[in-house]
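Here is how the chains run, residue by residue.
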Amino acid sequence: MPQIAQLAETWSSQIFWLLVFFGITFFFIGRLMVPRVMETVALRDKQIGDDLAAAQAARDAADEREEAWRARENENRAAAQALIAKAKSDAALANEKKLAEAQARLDARLSEAEQRIAASREEAMGEIETVAAEAAQDIVQRLAGIKVTKPTANKAVKEAMIHG
């Protein structure tokens, strides 16, 4: 067959051109394009690394600021609680003072009222004794026909009221 005989003659030239083509392709891709691609990949890796480092630094700074803010917030909250507690205690002391003053006024009024009541009671008791002594004098004179003196009638009424 003539096609097979031709194969042997063209085979060596095809292999030669195949090697030349692959050699040029290898040189072009391997020596010119691959370094540029690798440089671009390296730049992107460096940029990504730098961006990640910047993001981590920003996150750390934000965490520090947040922690400082929380500390300030807690201090402010504690100060506010202290002010509230002081205001409550001041109000309680003021209320206690007002209540003590009011209680003192009430006690003074009560004492005055008790004194007036005691004086009124003594006055009423004196009037009752006087009326009772006069009534006793009158009754004894009408019933027994005896005249009783005022001091004797007063003494008898007092004894009757004490024991009676």
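A quick note: this is a predicted structure, and the numbers were derived from the prediction, not measured.

Peer 1: Just checking my understanding: could you explain the overall build of the protein for this structure?
Peer 2: From N to C terminus, the protein includes 2 helices and 0 strands. Over its C-alpha atoms the protein spans a radius of gyration of 62 Å, topping by over 25% the 15 Å that the globule rule assigns to 164 residues. In terms of its C-alpha atoms, the protein occupies a principal-axis envelope of roughly 190 × 40 × 15 Å. Looking at the protein as a whole, 2% of its 164 residues are labelled buried. Per element, the accessible surface of the protein, about 14,400 Å² overall, is 63% carbon and sulfur. Once the 22 positive and 25 negative side-chain charges of the protein are each reduced to a mean point, those two points are 5 Å apart.

Peer 1: Just to check I follow, could you spell out a negative patch on the surface for this structure?
Peer 2: On the surface, a cluster of negative charge is made up of Asp60, Asp63, Glu64 and Glu67. Within the secondary structure, Glu67 is located in helix H1 (residues 2-143).

Peer 1: Teacher, can you tell me more about a nonpolar patch on the surface here?
Peer 2: On the surface, a nonpolar cluster with roughly 660 Å² of combined accessible area is contributed by Phe27, Phe28, Ile29, Leu32, Met33, Val34 and Met38. Turning to its location among the elements, Phe28 is positioned in helix H1. What makes Phe28 partly exposed here is its relative accessible area of 46%.

Peer 1: In this structure, what is going on with the environment of Ala156? I would like to understand it.
Peer 2: Tracing the backbone through its elements, the reader meets Ala156 in helix H2 (residues 150-163). By relative accessible area, Ala156 is classed as partly exposed at 45%. Once the C-alpha coordinates of Ala156 and Arg77 are considered, the two residues, 79 residues apart in sequence, prove to be 81 Å apart.

Peer 1: Help me understand the packing of aromatic side chains in this model?
Peer 2: Aromatic ring pairs are described here by two measures, namely the spacing of the ring centres and the angle between the planes. Evaluation of the coordinates by the stated rule reveals 2 aromatic pairs. A centroid spacing of 5.2 Å and a plane angle of 70° characterise the contact between Phe16 and Trp17, whose relative ring orientation is edge-to-face. By relative accessible area, which is 56% here, Trp17 ends up exposed.

Peer 1: Would you explain the pattern of salt bridges in this entry?
Peer 2: Side chains that differ in charge, positive against negative, can pair when their charged atoms come close. All told, the structure shown has 5 salt bridges when counted by the stated rule. For Lys46, the salt bridge is made with Asp50, and the minimal N-O distance between the two is 3.1 Å. Of this pair, Lys46 and Asp50 both sit in helix H1, 4 residues apart, which is roughly one turn of that helix. Of the residues examined, Asp50 reaches a relative accessible area of 39% and is grouped as partly exposed. Residue Asp138 pairs with Arg142 through a salt bridge whose shortest N-O separation is 3.5 Å. Of this pair, Asp138 and Arg142 both sit in helix H1, 4 residues apart, which is roughly one turn of the helix. Overall, the relative accessible area of 67% leaves Arg142 in the exposed class.

Rules of the game
- Residues numbered from 1 in each chain as written.
- Predicted model: local features only at pLDDT ≥ 70, side-chain atom pairs only at ≥ 80, totals over all residues.
- Heavy atoms only, no water.
- Helix = DSSP H or I, 4+ residues; strand = E, 2+ residues; numbered from the N terminus.
- Rg over C-alpha atoms; globule rule 2.2 N^0.38 Å.
- Buried < 20%, exposed > 50% of the residue type's maximum accessible area, 1.4 Å probe, protein only.
- Areas by Shrake-Rupley, 256 points an atom, 1.4 Å probe, with all protein chains shown as cover.
- Lys, Arg positive; Asp, Glu negative; His and termini not counted.
- Charge placed at Lys NZ, Arg CZ, Asp CG, Glu CD.
- Patch = residues over 30% accessible without salt bridge, like charges linked within 9 Å, V, L, I, M, F, W, Y side chains within 5 Å.
- Salt bridge = Lys/Arg side-chain N within 4 Å of Asp/Glu carboxyl O.
- Phe/Tyr/Trp six-rings, centres within 6.5 Å; stacked < 30°, edge-to-face > 60°.

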